[in-house]
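# A look at the structure
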Amino acid sequence: MNGLRTCVFPCAGFGTRFFPATKVIPKEMLPLVDKPILQYGIEEARGSGMDKLIIVTSQGKDSIIDHFDRSSSLERSLREREKFDLLSEVEAVSSMVDLIAVRQKDALGLGHAVLTARDAVGNDPFAVVLPDDVILSDEPCLAQMRRVFEETGRPVVALMEVAPEETSRYGIVAGEMKGNRRFKVSDMVEKPKTDPPSSYAIIGRYILPPEIFPLLEKTQRGAGGEIQLTDALRQLVQSGDFYGYVFEGRRYDAGEKLGYLKATVDYALRHPALGKEFAAYLQGLFGNGKAIDREAAADSGRAARSEKPRQRV
Ligand code: G1P
């Protein structure tokens, strides 16, 4: 198994793309249907064979740790009121995992957040999950990547093809597609403003060796004035084979409003208890050409406010 049992979850960011909702509530705790966003990442790591889970938090994020902790008074109250279904749901979360929490004291970027977990990780390979990147797939994304890691013993990042106008929002890899969804990485650049080296973007799943830590220590501030994980990975690429894996599944950027809404709809439609009724509700909204009526209504509203009508493409 190459000893891969550790997963780091950087959760220290301010969540500015979701203000004002995330002024006080950590974005990782926003509910996606009935579970906080972070819980999907935790379940993915657990479902990929990882049992040492490290959360990198910052001030004001204690509710993350509380969510996965036991709540004796709540459990007692549910037991007394014989609400056994709810009790087992609550207990399932607290018994899911024992988390190790480390604090990132300064908001110096993703690379710095990962470096903060150094002592907790120790001298073993580890995965990193960026909880905003929620991935809906038959087989957990990390489990797909784990196979490449176990076969090669080399670092692996998750990749997704993106449109040319989106490359400036991601770390973009250079290299060669080898087939079987594997990409041999020769270089990478964080959020290229021009000339992206390919259309393959790094998505928030990484499997890394502990050798990344001394590289992170030496990494200077890069894009956005932050210590970037991508810049340390660039150094790692120089030291031997480095793979990208074009995962099977659909990824949502649940850390921003539109991505979150899309994820909510898709996860709600798949929810065992809610999916059918929710689908019927959407059908009622958008079925029988009503969606077109709504657009027309929106357009006439716009015209009434003497705005330029939206161009359709
Ligand atoms: C981070 C990484 C970037 C990666 C992205 C995936 O950026 O720095 O390389 O492509 O996550 O979501 P962020 O979105 O945190 O700015």
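Given the structure is predicted, the values throughout are model-derived calculations rather than measurements.

What counts and how
- Residues numbered from 1 in each chain as written.
- Predicted model: local features only at pLDDT ≥ 70, side-chain atom pairs only at ≥ 80, totals over all residues.
- Heavy atoms only, no water.
- Helix = DSSP H or I, 4+ residues; strand = E, 2+ residues; numbered from the N terminus.
- Rg over C-alpha atoms; globule rule 2.2 N^0.38 Å.
- Buried < 20%, exposed > 50% of the residue type's maximum accessible area, 1.4 Å probe, protein only.
- Contact = heavy atoms within 4.5 Å.
- Areas by Shrake-Rupley, 256 points an atom, 1.4 Å probe, with all protein chains shown as cover.
- Lys, Arg positive; Asp, Glu negative; His and termini not counted.
- Charge placed at Lys NZ, Arg CZ, Asp CG, Glu CD.
- Near = heavy atom within 4 Å.
- Polar contact = N/O pair within 3.5 Å; in protein donor to acceptor, adjacent residues only side chain to side chain.
- Nonpolar A, V, L, I, M, F, W, Y, C, P; charged D, E, K, R; others polar.
- 1 Å grid on protein atoms, 1.4 Å probe; cavity = no way out; pocket = protein on both sides within 12 Å on 5 of 7 lines; lining within 4 Å.
- Points joined across faces, edges and corners; volume = space filled by probe spheres on them.
- Salt bridge = Lys/Arg side-chain N within 4 Å of Asp/Glu carboxyl O.
- Phe/Tyr/Trp six-rings, centres within 6.5 Å; stacked < 30°, edge-to-face > 60°.
- Lys NZ or Arg CZ within 6 Å of the ring centre and 35° of its normal.
- Arc of directions from axis to C-beta.

Once that is clear, we can look at the overall build of the protein. Helix and strand content of the protein: 12 helices and 13 strands. Against the compact-globule benchmark of 20 Å for 313 residues, the protein has a radius of gyration of 21 Å, which places it among compact chains. In terms of overall dimensions, the protein has a C-alpha envelope of 60 × 60 × 40 Å along the principal axes. Expressed as a percentage of its 313 residues, the buried residues of the protein come to 45%. A separation of at least 24 residues holds for 73% of the contacts in the protein among residues at least 6 apart in sequence. Surface accessibility of the protein: about 16900 Å² in total, with carbon and sulfur atoms responsible for 50%. Charge centroids of the protein, computed over 43 positive and 45 negative side chains, lie 3 Å from each other.

Now for unusual backbone geometry. Along the chain, phenylalanine 19 connects to proline 20 via a cis peptide bond; the corresponding omega equals 5°. The topology assignment puts proline 20 in the loop between β1 (6-10) and β2 (31-32). Of note, asparagine 180 is a non-glycine position whose phi angle comes to about 60°, a positive value. Overall, the relative accessible area of 69% leaves asparagine 180 in the exposed class.

Its location among the elements puts isoleucine 55 in strand β4 (residues 52-57). For isoleucine 55, a relative accessible area of 0% gives the class buried. Sequence separation between isoleucine 55 and alanine 117 is 62 residues, and the spatial gap between their C-alpha atoms is 8.2 Å.

Before going further, it helps to spend a moment on the site of the ligand. Around the ligand there are 13 residues in total, and Asp133, Gly171, Glu190, Lys191 and Ile202 lie nearest to it. Here an oxygen atom of the ligand sits 2.7 Å away from a polar atom, N or O, in the side chain of glutamate 190. With the chains in place, 76% of the 380 Å² that the ligand exposes on its own is no longer accessible. A total of 3 residues in the shell around the ligand trace back to one element, the largest contributor, which is strand β11 (residues 200-208). When grouped by side-chain class, the residues that make up the shell around the ligand number 5 nonpolar, 4 polar and 4 charged.

This paragraph deals with the layout of surface pockets. Size it by volume and the largest pocket reaches roughly 1200 Å³. Forming the boundary of the largest pocket are 36 residues, of which Arg17, Lys27, Asp132, Lys191 and Glu226 lie nearest the centre. Of all the elements in the fold, those that place two or more residues in the lining of the largest pocket are α5 (110-116), β11 and β13 (250-253). Here the lining of the largest pocket gets 4 residues from one element, more than from any other, and that element is β11. Per-class residue counts for the lining of the largest pocket are 15 nonpolar, 10 polar and 11 charged.

As a further point, take the pattern of salt bridges. Tallying each qualifying case throughout the model produces 21 salt bridges. When the shortest N-O distance is used, the salt bridge between lysine 61 and glutamate 28 registers 2.9 Å. Of this pair, lysine 61 sits in the loop between β4 and α2 (62-67) while glutamate 28 is found in the loop between β1 and β2, placing the two residues 33 residues apart along the sequence. Take lysine 61: its relative accessible area is 6%, and that puts it in the buried class. Between aspartate 266 and arginine 250 there is a salt bridge, and its shortest N-O distance comes to 2.6 Å. With aspartate 266 in helix α10 (residues 257-269) and arginine 250 in strand β13, this pair connects stretches of sequence that are 16 residues apart. You can call aspartate 266 buried: its relative accessible area is 13%.

Looking now at the packing of aromatic side chains. Geometry of an aromatic ring pair is reported as the spacing of the ring centres plus the angle between the planes. Scanning the entire structure with this criterion turns up 6 aromatic pairs. For the ring pair phenylalanine 183 and tyrosine 200, a centre distance of 5.2 Å and an interplane angle of 55° mean the geometry is tilted. Of the two residues, phenylalanine 183 is situated in strand β10 (residues 182-190) and tyrosine 200 in strand β11; the sequence distance between them amounts to 17 residues. Assessed through its relative accessible area of 2%, phenylalanine 183 is described here as buried. Ring centres of phenylalanine 278 and tyrosine 281 lie 6.5 Å apart, and the angle between their planes is 25°; on these two criteria the pair is classed as stacked. Taken together, the residues phenylalanine 278 and tyrosine 281, both in helix α11 (residues 275-286) and 3 residues apart, mark about one turn of the helix. Chaining the aromatic ring pairs together yields one cluster made of Tyr40, Tyr252 and Tyr267. The cationic tip of lysine 35 hangs over the ring face of tyrosine 40; the distance from NZ or CZ to the ring centre is 4.8 Å.

We now examine helix α4 (residues 84-94). Along α4, the positions that sit buried rather than exposed are Leu87, Val93 and Ser94. Along the axis of α4, the buried residues cluster in a sector spanning 125°; they form a single face. What points out from α4, more than 90 degrees from its buried face, is the exposed set Asp85 and Glu89. Buried residues in α4 make contact with α1 (37-46), α2 and α3 (72-80).

Function-wise, these values are silent; they only describe arrangement.
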